[in-house]
Amino acid sequence: MASIPMPTLSGGDDRFSRALIIQSLMSVATVILVAAPLAPILWQSLVDRPLYEAGGLFTMDNYARLFGDAGFYDVIWNSALLALSTTLVAGVLGVAFAIFLERTNLPGRRILRSLALWPMYISQLVIAFSWFMMYGPSGYVTLLSQQWFGSALWNLYSIPGMAVVAGTGLAPLVYLFCASSAKRIDATLEDAGRMMGAGSLRVIWSISIPLMRPAIIYSALLTFISSLEMLSVPLVFGRPVGLEFFTTYLYSQGLGGITPDYGLLGAAAAVLLAIISLLLVLQGLLLRKAGRFVTVKGKAQRQKLADLGPARWPLFAFFLVYNIAILAIPLAGIALRSVTTFLTPLMAPFDLLTTQNFTLIFAYPAYVRSITNSLLISALGGAIATAFVALVTLVVHRSEFRWRRQLEYVALYPRAIPGIVAGIGLFWAMLLLPVVNLLHGTIWILVLAFTMRSIPTAFGAISPALLQIGQELDKSARSCGADWWTTSRMIVLPLLKPAIFGAYVLLFLSFLKEYSSAVFLFSPGSEIIGTTMLSFWANGDTGPVAALSVIQLVITALFVFVARLLLRSHQDV
Amino acid sequence: MSELIIENLAKHFGDVRAIDGISLTVADGEFLTLLGPSGCGKSTTLFAIAGLDTPTGGVIRVGNQTFFDGDRGILVPPEKRNCGLVFQSYALWPHMTVMDNLAFPLRIRKVGAAERQRRIMSALELVEMDRYAKRYPHELSGGQQQRVALARTLVFEPSLLLLDEPLSNLDAKLRIRARNWLKELQKRLNITTIYVTHDQIEALAMSDRIAVMNKGSVVQLASPQEVYTRPSGAFVADFIGSSNFLRGRMKHRNSDGGAEVILEGGLQIRTIWAPEVQEGSDVLVAVRPEHIRLAAARPAANDTNLLTGRITGRSYLGARYQYALEAGGTSIAAETEDSLDRPEVYATFEPEHAVVVLP
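Residues numbered from 1 in each chain as written. Chains lettered and ligands numbered in written order. Predicted model: local features only at pLDDT ≥ 70, side-chain atom pairs only at ≥ 80, totals over all residues.

Enquirer: I'm lost on the overall build of chain B in this one. Help?
Expert: Assigned secondary structure in chain B consists of eight helices and 21 strands. Within chain B, contacts between residues separated by at least 24 positions form 64% of all contacts whose residues are at least 6 apart in sequence. (Helix = DSSP H or I, 4+ residues; strand = E, 2+ residues; numbered from the N terminus. Contact = placed C-beta atoms within 7 Å.)

In structure tokens, the structure reads:
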């Protein structure tokens, strides 16, 4: 059928093909990114002087001093207690949400479902500040309750109090994992229980919840780790009464003194890393035998909602009060605080109205810069990070690269690196390596840190979609003559667009919220909203903190709104 | 030209042998079918030829280009093999129109826009899909998608056409039409074709030769007629069509190419001689149900083999009845158009329909 001969494909050296070069570069970049904060910490924990000084000698003395310090045992005890009680609060709430919002005929489920996820969009720093302003020792609601009942009914300056703040903030995480599990429970399994004489509640307790066990275990460990890593709540509610936790310990050791004790800091960070790594290993071991909980067989699934009967209205009222208490009141409070000079039940807020909190922020270039930096890091840094992780995902799942399995382990390891540890590690990497030091004072060191921290999140968002794209689509492109890179660029990545966009939304929001890895890395010129809020907070200026919180919340809300619109109109992509 | 040579191809995962030393030569322009049950290694072999699966040993050569050589460490990546592979699921790229799907291999080969257009249209005309160039894959029926997949493969003039069960997703009537159409197209283009299927009817109807595979090996490589009438073993006799197996012992070979076998019950029958069978060894005699005639009355004695039996079951197949018989201690299936009332029947079959295979 051809008059002109078909051009033949030019050969090339297969040993150094374009595919192999790209795959190797991506892998090396991932390894460097993950190792950059880890290596300096491990090194510092084992040498006898600050790591930037020459001639460091190997020593175990740092660990000996750490464990010789009686205060450190308090740190471990407090951290464990807080993580455990936070997990309990978040776990009970999250599982209850999953059951009641997904498997029962609770009124208003649709709205309650989206409300249940809201705390995830909000920075933990904003959550802590807003709770402090409303429910803290001199908070608005606390003072009201003192007026009505004579004394405060709660004390957030305590581990149970902090567990409530952190637990309600982390409950969406548990809900998210358990909801998808609850939705997939085959109703025939529940019906079988009912046929044997069990009542609705009995079926939920004995069949539905046990079937969700893998999701519960997974999300409980995730919550435990997240609360170990959390800086905001311990900083706001623990430090004023001398309760020290891992993150506040690192924070004060690293930023407190004029010359921090590098060895001690390194050892403490290494211990935290080891603990979280062990927890992740435990998570893997516990879920290895999750096969017996497989409830999805094929596609045909019957879904039945349990009838709550007359109990549905009291339950609905409970959910309503819950959302008012943990979402509406703190958010309204912080918004009100941002436009008043002072917030107290003793005076009507309308008498205290002011715009000075906002004018203060917009009057100083450094404060304005923290907002533009945050936006730049979220928009541009988030895009770079998404592109980077999308390629890593392709190498892991869709290439013949020799080390692709190992690459997956490296890519997922940052789950074990708390933000504050990543910050310390990268800060030290800047001290050690002139190349990294070039980034000092720029937002790019923050982009680097945030990207490293977000690899697992984006990987988790893109992988399932990638695995759903039939292998034969890329295989057929390969046999048509396209190499790995052309296939990825023209076939796989275009098909992956919705998932990549989803990952970008996630990263934008998490980059906007991120603060804990920035506290060691920012310097004049590279402030972000979170670090500026922390410095206002340290000075007791709650007005500008509230104003910045509102600005961050508005950016978040606008972004989520636009992203949803885009997702809806491009569903066919 | 495009002769395909496979020597001693192997794919082992530890002790599991997905392909266990296959050797094949496919002539230029030949239509060869790899036929076998699922898990026999036919698709693995096809993907090894395409370069999408890496074997553990052996040689694959097309013309004078070596695609794979386990000993010399040669492994040509799939994109440099110029093989056209049509997938079972068609694998049309959903984000591209039919036109863009076909343009993809041409763009990679840097074919100019005008020439590209001409080639795409001529490939689409070839599969009678030129009117659908602007459509997206999801706007096409299964049969249309299959044609587009074939056009996308033919448009870059591959040296080999590799087809992985391309008709299995079509409905029964369409499959028969597509089968004839595909065969005719292959002959017209005279392109060397490897076709993978588990459907024996497709294999018999389309192939120049069939390689029957089982457990990673080629058990028979022959023309469709030969595979059907002279199966090389019990597996082939039963997998292609179906066969009754009568247990017996080879008595002796006749000068006319026939042989005599004594069945387990003592009855002596006449069969075809099989060269690999020794006189005196235990054998199975394979007889297809459609070659057995049933009669209520004892037929006049002649040269056919005769068994007496009892009907134990009967199923109505529409055009015919299938009977289950009990004859000489063995159950036998036979098909006939007659409806038989009495349980006692006489079953006869010609010696040339009695194939001796080793047990």
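From this point, the discussion proceeds with the structure in view.
Enquirer: In this structure, what is going on with the overall build of chain A? I would like to understand it.
Expert: Within chain A, the secondary structure is distributed over 25 helices and zero strands. Structurally, chain A occupies a C-alpha span of about 95 × 75 × 50 Å along its principal axes. Residues classed as buried in chain A amount to 45% of the 573 residues present. A fraction of 78% describes how many contacts in chain A between residues 6 or more apart in sequence connect residues 24 or more apart. (Buried ≥ 20, exposed ≤ 12 C-beta atoms within 10 Å, placed from the backbone.)

Enquirer: What is the right way to look at the nonpolar core in this model?
Expert: What tends to happen in soluble globular proteins is that the nonpolar side chains get buried as a cluster. Counting 250 residues, the largest nonpolar core has Cys178(A), Leu446(A) and Ile462(A) as the members making the most contacts within it. It is helix α7 (residues 159–184) of chain A that provides the largest number of residues to this core, a total of 14 residues. Taken domain by domain, this core gets at least three of its residues from each of domain 1 (4–234) and domain 2 (243–357) of chain B. (Core = buried A, V, L, I, M, F, W, Y, C linked by C-beta atoms within 7 Å. Domains from an automatic or database assignment.)

Enquirer: What should I look at first to understand the sheet that holds strand β15 (residues 282–287) of chain B in this one?
Expert: Where strands meet in a sheet, backbone hydrogen bonds hold them as pairs that are either parallel or antiparallel. Residues and elements named next belong to chain B. Judged by pairing direction, the sheet is antiparallel, and its five strands sit side by side in the order β14-β13-β12-β15-β21 without closing on themselves. With partners counted over all chains shown, the strands left at the sheet margins are β14 (268–272) and β21 (355–357), one partner each. Between one strand axis and the next, the sheet turns by 50° as a mean value, whatever way the strands run. As judged from the five bridges shared by strand β12 (residues 244–253) and strand β13 (residues 258–263), these two strands associate in the antiparallel manner. In the sheet register, Met250 faces β13, and the bridge partner there is Val261. (Pairing = 2+ DSSP bridges. Axes fitted to C-alpha atoms, helices over the stretch in contact; angles between N-to-C directions.)

Enquirer: Hey, could you run me through the pairing of strand β20 (residues 344–349) of chain B in this one?
Expert: Working note: regular strand, side chains alternate between the two faces of the sheet. Residues and elements named next belong to chain B. What you see with β20 is a clean split: Val345, Ala347 and Phe349 sit on the buried side and Glu344, Tyr346 and Thr348 on the side with no burial. Of the pairings in the sheet, the one linking strand β16 (residues 293–295) to β20 comprises three bridges and is antiparallel in character. Of the residues in β20, the one forming a bridge with Leu294 is Ala347. Note: strand β17 (residues 305–316) against β20, six bridges, orientation antiparallel. Note that in β20 the partner of Thr308 across the bridge is Tyr346.

Enquirer: Would you mind going over the interface of chain A and chain B with me for this structure?
Expert: By a widely used convention, the size of an interface equals the accessible area lost when the partners come together. Listed as interface residues are 24 residues of chain A and, on the opposing side, 26 residues of chain B. Those elements that provide at least two residues to the side of chain A that touches chain B are α21 (471–479) and α22 (484–495) of chain A. Looking at the side of chain A that touches chain B, the element that brings in the most residues is α21(A), giving seven residues. Counted by class, the side of chain A that touches chain B contains 13 nonpolar, six polar and five charged residues. (Nonpolar A, V, L, I, M, F, W, Y, C, P; charged D, E, K, R; others polar.)

Enquirer: Can you help me understand the environment of Met99(B) in this one?
Expert: Residue and element names in this part refer to chain B. Among the structural elements, Met99 can be located in helix α2 (residues 98–108). In sequence terms Met99 and Arg116 are 17 residues apart; their C-alpha atoms lie 10 Å from each other. When sequence neighbours within four positions are dropped, the list of residues in contact with Met99 reads Ile120, Ala133 and Lys134.

Enquirer: Hey, could you run me through the sheet that holds β16(B) in this one?
Expert: Residues and elements named next belong to chain B. Overall, antiparallel pairing links the five strands, which are arranged β16-β20-β17-β18-β19 in an open sheet. Of all strands in the sheet, those bounded by a partner on one side alone are β16 and β19 (330–336). The sheet shows a mean angle of 45° between the axes of neighbouring strands, direction not considered.

Enquirer: What's the story with the confidence of the model for chain A in this structure? I'm lost.
Expert: Any region with low pLDDT has predicted coordinates that should not be read closely. All names here are of chain A. For chain A, the average pLDDT comes to 89, and 94% of its residues sit at 70 or higher. Per-element averaging of pLDDT across chain A places helix α8 (residues 187–195) at the bottom with 74 and helix α16 (residues 365–397) at the top with 96. For residues 295–300, every residue scores under 50 in pLDDT, and the model assigns this stretch six contacts once sequence neighbours within four places are set aside. (pLDDT = per-residue confidence, 0-100.)

Enquirer: Help me understand the domain arrangement of chain B in this model?
Expert: Residues and elements named next belong to chain B. Per the domain assignment, the segments of chain B are domain 1 (4–234) and domain 2 (243–357). A straight line from the C-alpha centre of domain 1 to that of domain 2 covers 39 Å. Taken together, the contact between domain 1 and domain 2 spans four residues of the former and five residues of the latter. Across the side of domain 1 that touches domain 2, the residue classes tally to two nonpolar, one polar and one charged.

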